[in-house]
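Letter by letter, the chains look like this.
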Amino acid sequence: MGERVTRESLLKFFVDSCCLLEDYDKIGRILDEELVKGNARLEEVVKDYREYQNVECLIPILIRLSRYYACQKANNLAVMYLIECQCILENLEKNHILKGYIYAELGYIYETKGMFKEAEFYYELAASFGKDHNLLILMSYSLERLIRVLMTLVQYKKLERIDKLDKKYSLQNVPIYLRKQLRWLKLYATQDFEEIVKIYGEEYRSEEGFMQEVIGAYALAQLNRVEEIEWDLQLLDISVSLPLNVYRLMYHLTYHLVHDKDEELERYMNNMMRKLKDKNQHGWLAFVCHLFVQSARIQKNEWMMSKLKVGLSEVNQQIHYEEQRSRPRIQGLYNSYRNYYKGIQLMPNKGKFRVVSWNRLPMLYQYDYTPKTLLGYFKFDACFYNDFKPSLLKSVIDVIQEEFVGEGITFSVEKEGLWFYFEVSCGEVKLKRKINRFVEYCYEKLGQPYFVTFCIPRLTTASFEETSNQVKRHFCQMVLNSNPKLPYQMNYCQGKPIAYNLLDQVHQAIEMADYRGEINIEYAPLYHRESNELFGIECSTVLDENRILSQLPIEDATIGRELLNIEREMYLFEVGCDYLKRHEEEHGVKLSLFIKFSRQALLHKWMPSRVISYLKEHKIDPNQVIISVNEDILFEQNDLIQKAVKRLREYDVNIALDEYGAGALTGSIRNLSIDYLRISSCFIQYLKSSKNYLSMMNSLINVCMSKDVKLCCSEIENESSLHLMSDFGIDVVSGSYYQGKLVV
């Protein structure tokens, strides 16, 4: 083998010959898609893979990321991923052939960082590994790189070290060009310039092996025979930008030593050293200083010689400091990963289930997808109003595993629901029979109502986004049309469902109407009793329903009308929350938000989780929100409404009984779970005309105090109403008597 080995050709060799890198290219395409989301996403991907993924996927990811970060000059991250990869390989097999490649990559990264002692260590490990395992391509690549690194360290190396290296590889099947490089390294280390010049020019010189050119020119310059040097202009084309090449840099320095006058040389030397110092390339800086110090011309200039020796001493101290700081960190990193992977059984996951994060699921699905892949989504009815607890997750996994044993199922929790996929091992008819058995058995085992949607292999695609959207649409259709009397409900992704994102479409239509000024949102202030101190705000609006619905597809308009009121209330909720955040940022005071929800909104299964998710995402204290509900709705014994109210209160969202006194059921508030009670205008008018208003109000106040319910009154329109309410401990008040619309 006489051809040069590049870093890319070395990688290609291992990708082609190592089964652990069989999917290296496929992983690359998947990671490229993740990169679009930003670098921060990559660490999430690796973090998720560490615990659950088999090595056939984890190893290629780590190598891909190390090369990516090395290219981005984030060398510490690149080293970290390679060290992790090394520990995994050691846990798999003591001398796995990929270890040699990891050593070579670590050598490359340390070389580009200018940490030549570390680079020498890893290149020698890689070269020895290649020699011991008859990996000629690895040995050749690493040995050539090792020789280059030793050129920068020759001032620190004893001749015996070079001799030992020469003897170690001279008897092997080493390419001719590497044997020549070993001989030239030995000649340079001895500083025998007469011998170098004697054989200079006898050997064939070319661009691919210009080590002789560089050392020969340097030797002639040291012997003051500069007229014999035939300068190669291509080799003089150098930039101090990274990565540096020791031969080109040495050739460039020699040229300036020969041609520059003293002032020019000093200016060039200072500029070169400053640039290297600014880039923290202390290893390269030491090489430059040493080369200048060894120069016959510089040795004749005492001032420059003295300055360079001081600089060389300082940079050597800096290198020593970096080594002392770096080695314990790398050793600690190695020990940490080694101990971690010793406790994990790394093996293919076939026939086993795994639980992965929701963020990681799309990549895994794409990686694992085959034409026999099934994707499903499962959700307990109770989970529309509760978190998906670990105990529930384990129960569902156990049941699915029992029915689809040996399928190698991947599970992932998204908020309150469970996604899963696996490769089906039977035909569609038999699969549907198994699914039918499963849905019955699942209810028998779990004893809770649930919903589940299956996208069978005939309908899945390699795109997780496309397939999951299909599942969500059918799942949404099933929930909207669900029969609450059934213990469980199941469907397949067949037929034309409604758009699962119809709620989003209606929401966006409202946003656009607001943006165009077609919606007038009013902010009514609420005050603390007998004070001008602002307690909170209440949002309300009137919108043109037909104008909003005209923006939807005709086939979605009917369902869209049903959802419009829900989205109007959710939009007001979001606008109100935005106002709270702005007010707190500007004034440092937290306000409360009164927002009225209709019966339709409370009956919608997704409403509680949407409210809670919005508060979490925007970091708003749930206790600042007061959701008001009309008296007749709260008194209605509807299970879904009671579940929604219970879920919101569990998350510390306040519930207010609104329009108290407007209906016929006043006086039965003892059985309600509320935080606020707002008196209606009807009740105020009744109190004005009643002789028993004092006893009635005292009775109401006593009940509210016993249940820690705060009283509100928003109909204070004149002084008469004010005097009527002032003696009854009303906590929050509003109305035209206090102030008009709040200016925002």
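Quick note: structure is the one above.
Since the structure is predicted, the reported quantities are computational estimates derived from the model, not experimental observations.

Cut-offs used in this document
Residues numbered from 1 in each chain as written. Predicted model: local features only at pLDDT ≥ 70, side-chain atom pairs only at ≥ 80, totals over all residues. Heavy atoms only, no water. Helix = DSSP H or I, 4+ residues; strand = E, 2+ residues; numbered from the N terminus. Buried < 20%, exposed > 50% of the residue type's maximum accessible area, 1.4 Å probe, protein only. Contact = heavy atoms within 4.5 Å. Areas by Shrake-Rupley, 256 points an atom, 1.4 Å probe, with all protein chains shown as cover. Axes fitted to C-alpha atoms, helices over the stretch in contact; angles between N-to-C directions. Parallel < 35°, antiparallel > 145°, perpendicular 65-115°, else oblique. Left-handed = near helix turned anticlockwise from the far one by under 90°. Nonpolar A, V, L, I, M, F, W, Y, C, P; charged D, E, K, R; others polar. Polar contact = N/O pair within 3.5 Å; in protein donor to acceptor, adjacent residues only side chain to side chain. Core = buried A, V, L, I, M, F, W, Y, C linked by side-chain atoms within 4.5 Å. Expected span 1.5 Å × (residues − 1). Phe/Tyr/Trp six-rings, centres within 6.5 Å; stacked < 30°, edge-to-face > 60°. Pairing = 2+ DSSP bridges. Salt bridge = Lys/Arg side-chain N within 4 Å of Asp/Glu carboxyl O. Patch = residues over 30% accessible without salt bridge, like charges linked within 9 Å, V, L, I, M, F, W, Y side chains within 5 Å. Lys, Arg positive; Asp, Glu negative; His and termini not counted. Charge placed at Lys NZ, Arg CZ, Asp CG, Glu CD.

Draft legend 1. Geometry of the overall build of the chain. When its secondary structure is counted, the chain shows 31 helices and 14 strands. Buried positions account for 53% of the 744 residues belonging to the chain. Of the contacts formed within the chain by residues at least 6 apart in sequence, a portion of 69% connects residues at least 24 apart. Carbon and sulfur atoms form 48% of the exposed surface of the chain, whose accessible area is close to 35100 Å².

Draft legend 2. Here's a closer look at the packing of helix α7 (residues 116-132) against helix α8 (residues 136-153). Contact pair α7 / α8: the axes reach a minimum separation of 8 Å and the direction vectors enclose 155°. When the interaxial angle is binned, α7 and α8 end up roughly antiparallel. Between α7 and α8 the crossing geometry is left-handed. Between α7 and α8, the residues in contact are Phe116, Lys117, Ala119, Glu120, Tyr123, Glu124, Ala126, Ala127, Phe129, Gly130 and Lys131 and Leu138, Met139, Tyr141, Ser142, Leu143, Arg145, Leu146, Val149, Leu150, Thr152 and Leu153, respectively. Residues that form the contact of α7 with α8 fall into these classes: 14 nonpolar, 3 polar and 5 charged.

Draft legend 3. Expanded view of the side chain of Thr541. With respect to the helices and strands, Thr541 occurs in strand β8 (residues 534-542). For Thr541, the side chain forms a polar contact with the main-chain oxygen of Asn520, separated by 3.0 Å. Setting aside its immediate chain neighbours within four residues, Thr541 contacts Ile519, Asn520, Ile521, Arg568 and Leu572.

Draft legend 4. Molecular detail of the nonpolar core. Formed by 127 residues in total, the largest nonpolar core has its most connected members in Ile59, Ile83, Leu98 and Phe292. For Phe292, the contacting residues outside a window of four places in its chain are Leu253, Leu257, Leu265, Tyr268, Met269, Ile298 and Leu308. Core analysis: the second largest hydrophobic core is formed by 87 residues, Ile548, Val629, Ile701 and Cys713 among them.

Draft legend 5. Highlighting helix α13 (residues 246-259). Its 14 residues give α13 an end-to-end C-alpha distance of 20 Å, which sits within 8% of 20 Å, the value for a rise of 1.5 Å per residue. Extensive coverage of α13 is indicated by the burial of 10 of its 14 residues. Taken as a whole, α13 has its buried residues at Val246, Tyr247, Leu249, Met250, Tyr251, His252, Leu253, Thr254, His256 and Leu257. Those residues of α13 hidden inside the fold are in contact with α8, α10 (176-190), α12 (211-222), α14 (262-278), α15 (282-294) and α16 (296-299). N-cap assignment for α13: the residue whose side-chain oxygen lies 2.9 Å from the backbone N of Tyr247 is Asn245.

Draft legend 6. Representation of unusual backbone geometry. In this structure, Asn134 takes a positive phi of about 55° despite not being glycine. With respect to the helices, strands and loops of the structure, Asn134 is situated in the loop between α7 and α8. One non-glycine residue with positive phi stands out, namely Gln191, at about 55°. Its place among the elements puts Gln191 in the loop between α10 and α11 (193-199). Here Gln191 falls in the partly exposed class, since its relative accessible area comes to 28%.

Draft legend 7. Looking closely at the packing of aromatic side chains. Applying the stated criterion across every chain yields a total of 34 aromatic pairs. Ring plane angle 85° and centroid distance 5.4 Å describe the contact between Tyr365 and Tyr421, whose orientation is recorded as edge-to-face. Taken as a pair, Tyr365 in helix α18 (residues 361-368) and Tyr421 in strand β4 (residues 417-423) lie far apart in primary sequence, 56 residues in all. Each member of the pair, Tyr365 as well as Tyr421, carries the same accessibility label: buried. Ring geometry for Tyr450 versus Tyr488: centroids 5.6 Å apart, planes at 10°, classification stacked. One end of the pair, Tyr450, is in strand β5 (residues 450-455); the other, Tyr488, is in strand β6 (residues 488-492), with 38 residues separating them in the sequence. An aromatic cluster is defined as three or more aromatic residues linked by ring pairs; in this entry it consists of Trp358, Tyr365, Tyr369, Tyr377, Trp419, Tyr421, Phe451, Phe464 and Phe475.

Draft legend 8. Structural view of the sheet that holds strand β3 (residues 410-414). The strand order β1-β3-β4-β2-β5-β6 describes an open sheet built from 6 strands, whose pairing is mixed. Two strands in the sheet have a free side with no partner beyond their single neighbour: β1 (354-356) and β6. Here the average twist between neighbouring strands, direction ignored, is 20°. Most of the contacts of α18 go to β4, to which it runs at about 15°, and overall it touches β1, β2 (373-380), β3 and β4. In the packing of helix α21 (residues 464-480) onto the sheet, contacts are made with β2, β3, β4, β5 and β6, and the angle to β5 comes to roughly 140°.

Draft legend 9. Structural detail: the pattern of salt bridges. In this structure the tally under the stated criterion is 23 salt bridges. The residue Asp381 makes a salt bridge to Lys643 at a minimum N-O spacing of 3.3 Å. With Asp381 in the loop between β2 and α19 (390-403) and Lys643 in helix α28 (residues 639-650), this pair connects stretches of sequence that are 262 residues apart. Owing to a relative accessible area of 26%, Lys643 belongs among the partly exposed residues under this scheme. One continuous salt-bridge network, built from bridges that share partners, spans Arg7, Glu8, Arg67 and Glu105.

Draft legend 10. Main features of the environment of Tyr385. The topology assignment puts Tyr385 in the loop between β2 and α19. Here the alpha-carbon distance between Tyr385 and Lys643, two residues 258 residues apart in the chain, equals 6.5 Å. Beyond its immediate sequence surroundings of up to four residues, Tyr385 is in contact with Lys605, Pro608, Leu640, Lys643, Ala644, Arg647 and Glu650.

Draft legend 11. Representation of a negative patch on the surface. A contiguous patch of negative charge on the surface is contributed by Glu584, Glu585, Glu586, Asp621 and Asp652. Within the secondary structure, Asp652 is located in the loop between α28 and β11 (654-660).

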